[in-house]
Every structure is written in C-alpha cells, then in structure tokens.
Amino acid sequence: MSEMKLILIGHPGSQHIVPASKYLINKYMPGFDLHFLNWTGPKEGWSSYLSDYLKELNDELVILALDDYLLSKPYSLWAYREGIDTLKNDKNIACVKLCRTTLEEHLEYPVTTQFMLWRKEFLIDLLSKTKDPWHFEITGSQLFRESGMKSVCTRIPAVNYDAHSCLSARWSGINWGDVKQEDIDYIKNNNLIL
C-alpha cells in the first residue's frame, strides 16, 4: 500500500537479529520499502553515514529507526496516515513519533532513534550536527528545541513494539519484550536469529 521508505540502521552487533526484525516488519508493516543499513565504522561517523545515505534518496518523507526494535502487532494504518497528514498540513512540523511514548519522554526527547516519520531535509540537517545515535537523541533533541520546529506524536502508536530495544548491555541475549510467543517460535524454528 505504501512506498514510504522505512530505514532501519544497525551495526555489526545487531546483524544477528536482522532476519527476525525483517520477518516481523514484513508481517506487521507490509508494503513499506525496507532499507536495512549496517554502520561498520567508528561510532562518531554514524550520523554522517546516515546523512550521506539520505542525500541519495528522492523522498520528501522517510521513516527512520534503529534495527533492534521487534514489532509485536500490526501497525495502525489510521495513525500512520494521521502522521502523514500532519506533516503535509503543517510545514512547522519536522517529525512525527510513530512509537509509544509519554508526554514527558516526548518533551525530553523530541528526537529519538525509535520509529519516527521525518521530513528528510530536516533530518539531514540535524544529522549534520550530531555524531552517533546517543548524540543524535540527546544533542539532537536540544538542537531541535532551539530550531523552532515541532515534533508531534500520533494519538495512538502507529508502530507497536516493546518500548526498549531488544539488544542492550543491560541484559544478556535478546529481550523479546511483548513479541508474541507464536512469532518467537517461528523465528527460532526458522533460524531467523543468526
């Protein structure tokens, strides 16, 4: 249904979950133009790498996220369309959070590496002022607030997954969060975790 580019960026340490992530996205967000990127350089070059990649795309809008959020149920087409319409109708809005968030989280981090719909040119400009994913979220959020542009959320999450990445130094292995057991079984039985 949609030709919107969904850009998921990871690193060598996340590549073992990419087949599982791809399976869940194809199941729960069918019809998007998937682009899985693997940044292999020093972390300080992440933003520059992503910016260079985006400059090659003709799209006005893109969805960007890290590759380690495992979807748990179908996306809300209604909420997704609400996000698109919001950007089309208000040129002062630079991005729309498609993920679950609280008002406090949104105000503290209007910029995040979770699923967000972006005006590509604004995203490129923001990336040009940051270095790595953490700098993008922290410094990017500060720069965003200073920009005068707005970041908004859909009224309900358009994309559904546990609020945490499935990979973290805070736990060993994969945190499946709210991924359904039937999906976990399918992923394991089909060797989609490398």
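Now for a description of the structure that goes with this document.

Cut-offs and rules
Numbering of residues starts from 1 in each chain and follows the order in which that chain's sequence is written. Given that the model is predicted, a residue must reach a pLDDT of at least 70 before its local features are reported, and side-chain atom pairs must reach 80 or more before they are shown or counted; all residues, however, enter totals for whole chains, interfaces and linings. Hydrogen atoms and water are omitted, and side-chain values are computed over all heavy atoms in the structure. Note: two strands are recorded as paired if DSSP finds a minimum of 2 bridges between them. Elements are defined by DSSP. Helices are runs of H or I of four residues or more, strands are runs of E of two residues or more, and each kind is numbered from the N terminus. What counts as an axis is a line fitted to C-alpha atoms, over the stretch in contact for a helix, and the angles between N-to-C directions run from 0 to 180 degrees. For the purposes of this section, nonpolar cores are sets of buried Ala, Val, Leu, Ile, Met, Phe, Trp, Tyr and Cys residues that join through side-chain atoms within 4.5 Å. Relative accessibility under 20% of the residue-type maximum defines a buried residue, over 50% an exposed one, and the middle range a partly exposed one, all with a 1.4 Å probe and only protein chains included.

### Quick notes on the sheet that holds strand β1 (residues 5-10)
- The mixed open sheet is built from six strands, whose spatial order is β2-β1-β3-β6-β5-β7. Because the sheet does not close on itself, it has two edges, and the strands there are β2 (33-38) and β7 (150-153). Averaged over neighbouring strand pairs, the angle between their axes works out to 25° when direction is ignored.
- Here four bridges tie strand β3 (residues 61-66) to strand β6 (residues 116-119), and the two strands are oriented antiparallel to one another. From the neighbouring strand, I63 faces β6, where its bridge partner is L117.

### What about the nonpolar core?
- Within the largest apolar cluster, 61 residues are counted, with the highest numbers of intra-cluster contacts made by F115 and W118.
- The element best represented in this core is β3, accounting for six residues.

Treat this as a map of the structure, not an account of what it does.
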